[in-house]
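Chain residues, written in single-letter form:
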Amino acid sequence: MSMISERAAHRMRSVPTYKPGRALAGHATSKLSANESVLGPGPAVISAISHASRGISSYPTESAFLNQLAQSLQITPEQLLISNGSDEICFLIAQTLLDSSSIVVVSDPAYQIDATVSLIAGSDIRRVPIVNGVHDVEAMIASAHGASVIWFPNPHNPTGTIATSTQIRKLISSVPEDCLVVLDEAYRDYISPGFEPDVLSLLDEFPNLLIQRTLSKSWALAGVRLGYAMGDPSLIAQLRRVRAPFSVNALALVAGSAALGRPAWKDMTVARIRAGRELFENFLTEIGVEFLPSQANFVTVRIQHEHINSVLAPLGISTRPGDDLGLPGWTRITIGWAPTMALVRQAIHNLVRNNNN
Amino acid sequence: MSVAQSSGLNLSQDLQRSIAVREVADPTAGFARVRLHWAGVCGSDLHVLRTGDWVSYWPAVLGHEGVGVVESCPGGELEIGTPVVVDSRVGCGQCSGCQTSPMLCDSLQWVGEVSPGTFQNVANFPVGSLVACPADIDMCTAVLAEPLAVALHAVALSGALPEHILILGFGPIGALVYSELRRQQPSAQIFVEEIHPDRIQLATAVGAHVVSPDSGLYPLVIDAAGYPGSFQHSLDAVNVGGTVTLVGIGHTTEIIRPQQIVEKSVQIHGSHGFTDELPDAVCLISESPEQYRWVISDAWSLDEFLGEVSNMLTQPTVGKAVLSL
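Please read all numbers here as calculations on a predicted model, not as lab measurements.

1. Observations regarding the overall build of chain A
Secondary structure assignment for chain A yields 13 helices and 11 strands. Taken over the C-alpha trace, chain A has a radius of gyration of 21 Å; the compact-globule value for 357 residues is 21 Å, and the two agree within 12%. Taking the principal axes of its C-alpha atoms as reference, chain A extends roughly 60 × 55 × 50 Å. Looking at the 357 residues of chain A, the share that counts as buried comes to 55%. Across chain A, every contact between residues at least 6 apart in sequence was considered, and the portion connecting residues at least 24 apart equals 72%. Carbon and sulfur atoms make up 53% of the accessible area of chain A, which totals about 15500 Å². For chain A, the distance from the average site of its 28 positive side-chain charges to the average site of its 30 negative ones is 7 Å.

2. What to know about helix H10 (residues 302-314) of chain B
Residue and element names in this part refer to chain B. Along its 13 residues, H10 runs 19 Å from first to last C-alpha, staying within 8% of the 18 Å computed at 1.5 Å per residue. The sharpest bend along H10 measures roughly 50° and falls at Glu308. Next to the buried residues of H10 lie strand E1 (4-11), strand E2 (17-24), strand E3 (31-41), helix H1 (43-51), strand E17 (296-301) and strand E18 (320-324).

3. Some points on the interface of chain A and chain B
Taken residue by residue, the interface counts 18 residues in chain A and 23 residues in chain B. Of the roughly 1800 Å² buried between chain A and chain B on both sides combined, carbon and sulfur atoms contribute 62%. On the chain A side of the contact with chain B, His27, Arg272 and Trp337 of chain A bury the most area, a combined 29% of that side's loss. Summed over the shared surface of chain A and chain B, the result is one salt bridge. We note a salt bridge from Arg345 of chain A to Glu304 of chain B, for which the minimum N-O separation is 2.7 Å.

4. Regarding the pairing of strand E14 (residues 218-223) of chain B
Residue and element names in this part refer to chain B. With respect to burial, E14 is a largely interior element, five of its six residues being buried. Sheet analysis places strand E11 (residues 164-168) next to E14, joined by four bridges and oriented parallel. By the bridge assignment, Ile167 is partnered in E14 with Ile222. Handedness of the crossover is the feature at issue here: the chain leaves E14, passes through helix H7 (residues 230-237), returns alongside strand E15 (residues 238-246), and the resulting connection is right-handed.

5. Looking at the pattern of salt bridges
For the coordinates displayed, the defined rule picks out 17 salt bridges over all chains. The residue Asp267 of chain A makes a salt bridge to Lys266 of chain A at a minimum N-O spacing of 3.4 Å. Here Asp267 of chain A falls in the partly exposed class, since its relative accessible area comes to 34%. Judged by relative accessible area, which is 13%, Lys266 of chain A ranks as buried. When the shortest N-O distance is used, the salt bridge between Asp138 of chain B and Arg293 of chain B registers 2.8 Å. Within this pair, whereas Asp138 of chain B is found in the loop between strand E10 (130-132) and helix H3 (139-142), its partner Arg293 of chain B is found in the loop between helix H9 (278-287) and E17, the two being separated by 155 residues in sequence.

Conventions we followed
- Residues numbered from 1 in each chain as written.
- Chains lettered and ligands numbered in written order.
- Predicted model: local features only at pLDDT ≥ 70, side-chain atom pairs only at ≥ 80, totals over all residues.
- Heavy atoms only, no water.
- Helix = DSSP H or I, 4+ residues; strand = E, 2+ residues; numbered from the N terminus.
- Rg over C-alpha atoms; globule rule 2.2 N^0.38 Å.
- Buried < 20%, exposed > 50% of the residue type's maximum accessible area, 1.4 Å probe, protein only.
- Contact = heavy atoms within 4.5 Å.
- Areas by Shrake-Rupley, 256 points an atom, 1.4 Å probe, with all protein chains shown as cover.
- Lys, Arg positive; Asp, Glu negative; His and termini not counted.
- Charge placed at Lys NZ, Arg CZ, Asp CG, Glu CD.
- Expected span 1.5 Å × (residues − 1).
- Bend = angle between axes of the 7 residues up to and from the residue.
- Buried area = accessible area lost by both parts, 1.4 Å probe.
- Salt bridge = Lys/Arg side-chain N within 4 Å of Asp/Glu carboxyl O.
- Pairing = 2+ DSSP bridges.
- Right-handed = clockwise from strand over helix to strand, strands pointing away.

Written as structure tokens, this is what we have:
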């Protein structure tokens, strides 16, 4: 190891390596380990990307998409920053607001990138345990004293639990004004209708609220990396200063624009995922397998990954070990295409039956 | 090879449904034993489950859309392990029509109705009724090959495709007809009439223009619904000199005005099943499975299906329902 790499390794010693969800040898629909949208983007997006490939010699221009997105969200472009995936927002927050004197609050377990960017910045982390699979908002508030950032995924990954509008308002209004609450809504579209927290209305009221979202999940654009943040215009302006000028590439902008232009595809796929999640949770209840009730496109079940993998891997189906996500003894399963989920149900049914015999 | 056990969905003559195990004898020369992986549930299966129509043996094992893997083939025509799609047509093999295509048989019957079908996990089929698939085919999507062949046939019969086309109904056949029209004629404006809200959402999602009845006149109308009155509605909706293709099977007696057919110089095609499109359908699915997966909306094991059937008989699924075997 060279002196430089030794120094780098020393500085990054507390930063965990990210382990992405694996795919096995099966078809694309068999990957239930990364919460991707298994039907992929709609025909309009595929067609738009094909046509746009001729223009990739030019630097991307984001204003048209920015305006389109702002209009669809009914906010101003100044309240909005687009990014190279939602993860880039996490890095920008850390670069802009955190250093070695900072404290951040995360849930435990937490989305790993939130902790990773905080550790890279040298910040201290306060971990607030998820209790019985749900957010402990009171404990989050109690931990906020002296903190610079609270990372708050809602729905939460890897449990799928959600906080209500009332809880979110209480959290933001209770923490110090100089503490930024980062509400990660990557899985928002999967929340059952009627239960979506009203958060956009809080933007004007609370300058210490930043909402981040992604087009990787319900919009099925994980491969092109496209996310965004919504917040107070003066904070957004600072984040924009830090962001690389062309961090969102031209194909991502075209894909995002085409997807937003035909939301019916997203609505259809989300409706199927919600129905598939309900079917899967009913099945788990029926056969007595413990799970965390989810409002996301995954369900986390209390089965050791090695056990579940022993019946799903032969079918080419991959799932996410809870050990990778801070939930040892559990397995996170993306709600996938209906035929894949039929195989998953059969395999779990056989596993449980064999264990009971 | 020994006698195999096959677990399947039995339909008794008094229309009771149950899961039962039956023995499947060793295949003889000219036949292959297939380990079925997936079966598709067709509207005609639901009709038979409701009525018992067309069945000539009891208890029956229905299902005519299926994909699986060859387990045994005494004649060696198919290699063990080859994925295959079932060609469900059973022609008499003796009439003059059969010399051209099983579809023109005077007494055409279907797997499931005349012999045990695909709602089971092991069955013997004539080698000539199996279409070999590429080894890496996505087996579940391949279960769409038979209904896709039906759609390809309907589109082929419709002749040169115009720029404006109306499809009646966006069930699985309507969806696959749409998919083929879009593939052949990317620039076409394809309109859909449908009343089921989730099917309207699906049609809109894939880029069809959902319209209400009496939205205008079209040079080509494809009736993929077969609801009472749909034939007359197709005649009302077609242009002078236009074409009406009927692929949905209507079971009711229709009152039509022949004058309209004459005065509009309408060409009418009845599109039943398919001729030689099944291998083409396999190729299309093999090359681009992602183009077709959205057509499948529901999937169950046989046990689950037993509990779901009564729902399906009253409320159709949005897209194709398939069974994991």
